[in-house]
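Notes for the structure review
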Amino acid sequence: MSKKKDPLALSTLALHGAADPRHAGDPVVPPIVQSVNYVQEIGSADGLRYTRYANTPNVERLQKRLAMLEGAEGALLLGSGMAATACAMLTLLRPGDHLLSSSLIYGGTHRLFTEEFVGLGIDVTLVNPFEPREWRKKMRKTTRAIFLESPVNPTTRVVDFRPVSALTHENGLALVVDSTFASPVNFRPLEHGADVVIHSATKYLNGHHDVLGGVVIGTDSYIQEVRQKMMLWGAAPDPFACWLLERGVKTLDVRVQRQNTNAQRIAEWCTGAKAIRKVHYPGLTTHPDHTVAAATLDGYGGMMAIELAGGARATERFLKRLRIFTHAASLGGVDSLVSEPRYTSHTHMTSEARARIGIPDGFLRISVGIEDADDLIADLEQALK
Ligand SMILES: *Cc1c(COP(=O)(O)O)cnc(C)c1O
């Protein structure tokens, strides 16, 4: 359920949403309040503040701001993206309940559902989100929620939300979306029928490769329940992480806009490069989901992938020659990164199994940063020579 749209644009809200009014002599940047506990009123439980409750000054302002960016009532910040997913889902599911999840999800989330949740007595069925009729076929009387991620890692496929959101609304299920790859600049799932949005704030929201965090976004009443889980499982964020994240969020819009244009330019350049066999980017008309992406996304994103014509043997030489792109996992920050899913997210699969899901050896995932696009293209060009 999305809230009435704020009259201010996202780029303005990212700086000023939920900010306290400033008076003469106030610092322009709100300070870090690095205190775990707070003086309490005598004779009352009201106003009990504690860092593990995520109700201290640095975190409260940021939570309100993040809710505004997604057009939601409430948001809860947690210590990591995994903490956000775990607490969000444990609020919706009890032993005996059934979860329908996309099979194309972050590796940590996949293990959380199929190992931890199954161990707790929650039934989990994985569905290929590009076979939309499967959702209804796999639904049970005990199904409580559907979990999706889009765009999908690392192939950048974009999921069409219409069949899934129709199904969840007909059947009173919760639609939960991990929107880490899109960021609220490019896609706001609540506008497309989602009930809950999750981000690994570690990625685009912070955007500087230096903070671990997660956020759950939804109705106020739901967020209060997730907060109870977070308090008891001990997954709250630290004030310094919140302070850094607040700083990162200020530039979210300019960073992501730049990443969108950089990625589009690089993807187009790669399309004409002989040493590259295939380019995966939703902004290319050749991408299998280009129409869905054009209709639903405000930007095609900073994530793309390429397959080298020389296959697996060509990647090592190419990676060693890169000067600006850094060979590292994770994504969404200002530095351009490149990684090989066969050694990161998809190491547990055989080469053949990876190839079957569209990740042959020689497949490279690129997280485009905010450097100059010409410099990035020149770096790719010299490394491919
Ligand atoms: C990184 C990531 C996560 C996990 O987030 P952490 O902050 O590392 O715990 C979850 N989902 C997606 C899509 C991610 O990229």
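Here is a short report on the structure shown in this document. (Residues numbered from 1 in each chain as written. Predicted model: local features only at pLDDT ≥ 70, side-chain atom pairs only at ≥ 80, totals over all residues. Heavy atoms only, no water.)

Side note on the environment of Lys 278
Here Lys 278 is to be found in strand β8 (residues 276-280). On the basis of relative accessible area, Lys 278 is assigned to the partly exposed category, the value being 44%. If we skip the residues at most four places from it in the chain, Lys 278 touches Ala 305, Ile 306 and Glu 307. (Helix = DSSP H or I, 4+ residues; strand = E, 2+ residues; numbered from the N terminus. Buried < 20%, exposed > 50% of the residue type's maximum accessible area, 1.4 Å probe, protein only. Contact = heavy atoms within 4.5 Å.)

Overview of the site of the ligand
Taken together, 14 residues lie around the ligand, and Gly 81, Asp 178, Ser 200, Thr 202 and Lys 203 are the ones closest in. Contact between the ligand and Gly 81: an oxygen atom at 2.9 Å from a main-chain N or O atom of the residue. For the ligand, an oxygen atom lies 2.8 Å from a polar atom in the side chain of Ser 200. In this structure the site holding the ligand corresponds to the second largest pocket. Among the residues making up the shell around the ligand, the classes are represented as 5 nonpolar, 6 polar and 3 charged. (Near = heavy atom within 4 Å. Polar contact = N/O pair within 3.5 Å; in protein donor to acceptor, adjacent residues only side chain to side chain. 1 Å grid on protein atoms, 1.4 Å probe; cavity = no way out; pocket = protein on both sides within 12 Å on 5 of 7 lines; lining within 4 Å. Sits in = over half its atoms within 2 Å of the grid points. Nonpolar A, V, L, I, M, F, W, Y, C, P; charged D, E, K, R; others polar.)

Some words on the nonpolar core
One recurring pattern in soluble globular proteins is that nonpolar side chains are buried together. Counting residues in each nonpolar core, the largest one holds 76 residues, and the members touching the most others are Leu 66, Leu 78, Met 89, Phe 117 and Val 216. Counting residues per element, this core draws most heavily on helix α3 (residues 81-92), which supplies 7 residues. Here this core spans two domains, and each of domain 1 (10-250) and domain 2 (252-384) adds at least three residues to it. Counting 25 residues, the second-largest nonpolar core is a separate cluster that includes Ala 263, Leu 284, Leu 322 and Leu 376. (Core = buried A, V, L, I, M, F, W, Y, C linked by side-chain atoms within 4.5 Å. Domains from an automatic or database assignment.)

A word on the pairing of strand β9 (residues 303-308)
Taking burial as the measure, the 6 residues of β9 include 6 buried ones, the bulk of the element. The two faces of β9 match: Met 303, Ala 305 and Glu 307 on one face and Met 304, Ile 306 and Leu 308 on the other face are all buried. Bridging between β8 and β9 involves 4 bridges; their strand directions are antiparallel. Looking at the pairing, His 280 lines up with Ala 305 of β9. Alignment of β9 against strand β12 (residues 363-367), held across 5 bridges, turns out to be antiparallel. Note on β12: the bridge partner recorded for Ala 305 is Arg 365. (Pairing = 2+ DSSP bridges.)

Regarding the packing of aromatic side chains
Taken as a whole and assessed by the stated rule, the structure comprises 5 aromatic pairs. Ring centres of Phe 113 and Phe 147 lie 5.0 Å apart, and the angle between their planes is 85 degrees; this geometry places the pair in the edge-to-face category. With a gap of 34 residues between them, Phe 113 in helix α4 (residues 107-119) and Phe 147 in strand β4 (residues 143-149) connect regions that are remote in the sequence. Taken individually, Phe 113 and Phe 147 each receive the classification buried, so the pair is uniform in this respect. (Phe/Tyr/Trp six-rings, centres within 6.5 Å; stacked < 30°, edge-to-face > 60°.)

Section: empty space enclosed by the protein
Taking a probe equal in size to a water molecule and rolling it over the atoms shows the remaining empty space. Counted by the stated rule, this structure contains 3 cavities of 30 Å³ or more. Taken as a whole, the largest cavity encloses approximately 60 Å³ of empty space. Pro 151, Phe 181, Ala 182, Tyr 300 and Gly 301 are the residues nearest the centre of the largest cavity, which is lined by 13 residues in total. Here the lining of the largest cavity is composed, by residue class, of 8 nonpolar, 5 polar and no charged. Each of domain 1 (10-250) and domain 2 (252-384) gives at least three residues to the lining of the largest cavity. Of the volumes computed, that of the second largest cavity is approximately 40 Å³. Around the second largest cavity sit Ser 150, Val 158, Val 159, Phe 161, Phe 187, Thr 296 and Leu 297, which together line it. Partitioned by chemical class, the residues of the lining of the second largest cavity number 5 nonpolar, 2 polar and no charged. (Points joined across faces, edges and corners; volume = space filled by probe spheres on them.)

Quick look at the packing of helix α10 (residues 252-271) against helix α14 (residues 373-384)
Where α10 contacts α14, the axes come no closer than 9 Å and their chain directions differ by 30 degrees. As the angle between them shows, α10 and α14 are arranged roughly parallel. For the crossing formed where α10 meets α14, the hand is right-handed. The residues of α14 that touch α10, namely those facing Asn 262, Arg 265, Ile 266, Trp 269 and Cys 270, are Ala 373, Asp 374, Leu 376, Ile 377, Leu 380, Glu 381 and Leu 384. Counted by class, the contact of α10 with α14 contains 8 nonpolar, 1 polar and 3 charged residues. (Axes fitted to C-alpha atoms, helices over the stretch in contact; angles between N-to-C directions. Parallel < 35°, antiparallel > 145°, perpendicular 65-115°, else oblique. Left-handed = near helix turned anticlockwise from the far one by under 90°.)

Some points on the packing of α3 against helix α8 (residues 220-233)
Remark: α3 packs on α8, axes separated minimally by 9 Å, with the N-to-C direction vectors making an angle of 115 degrees. Read as a crossing pair, α3 and α8 show a hand that is right-handed. Mapping the contact onto sequence places Cys 87, Ala 88, Leu 90, Thr 91 and Leu 92 in α3 and Tyr 222, Glu 225, Val 226, Lys 229, Met 230 and Trp 233 in α8. Residue composition of the contact of α3 with α8, by class: 8 nonpolar, 1 polar and 2 charged.

Remarks on the sheet that holds strand β2 (residues 98-102)
With respect to topology, 7 strands assemble into an open sheet ordered β1-β7-β6-β5-β4-β2-β3, the strand pairing being mixed. Looking along the sheet, the strands with just one partner apiece sit at the ends: β1 (74-78) and β3 (123-127). Within this sheet the neighbouring strands show an average axis-to-axis angle of 20 degrees, counted without direction. Bridge count between strand β6 (residues 196-200) and strand β7 (residues 214-218): 4 bridges; the pairing is antiparallel.

Examining the pattern of salt bridges
Per the counting criterion, the structure on display carries 18 salt bridges. Across the salt bridge formed by Asp 123 and Arg 140, the nearest N and O atoms sit 3.6 Å from each other. With Asp 123 in strand β3 and Arg 140 in the loop between α5 (133-138) and β4, this pair connects stretches of sequence that are 17 residues apart. Its relative accessible area of 40% is what places Arg 140 among the partly exposed residues. Two residues, Asp 361 and Arg 354, come together in a salt bridge whose shortest N-O distance is 3.3 Å. Note on Asp 361: relative accessible area 21%, which makes it partly exposed. Accessibility expressed as a relative area gives 7% for Arg 354, which makes it buried. One network of salt bridges, in which partners are shared, links Arg 61, Arg 65 and Glu 246. (Salt bridge = Lys/Arg side-chain N within 4 Å of Asp/Glu carboxyl O.)

These figures capture arrangement, not role.
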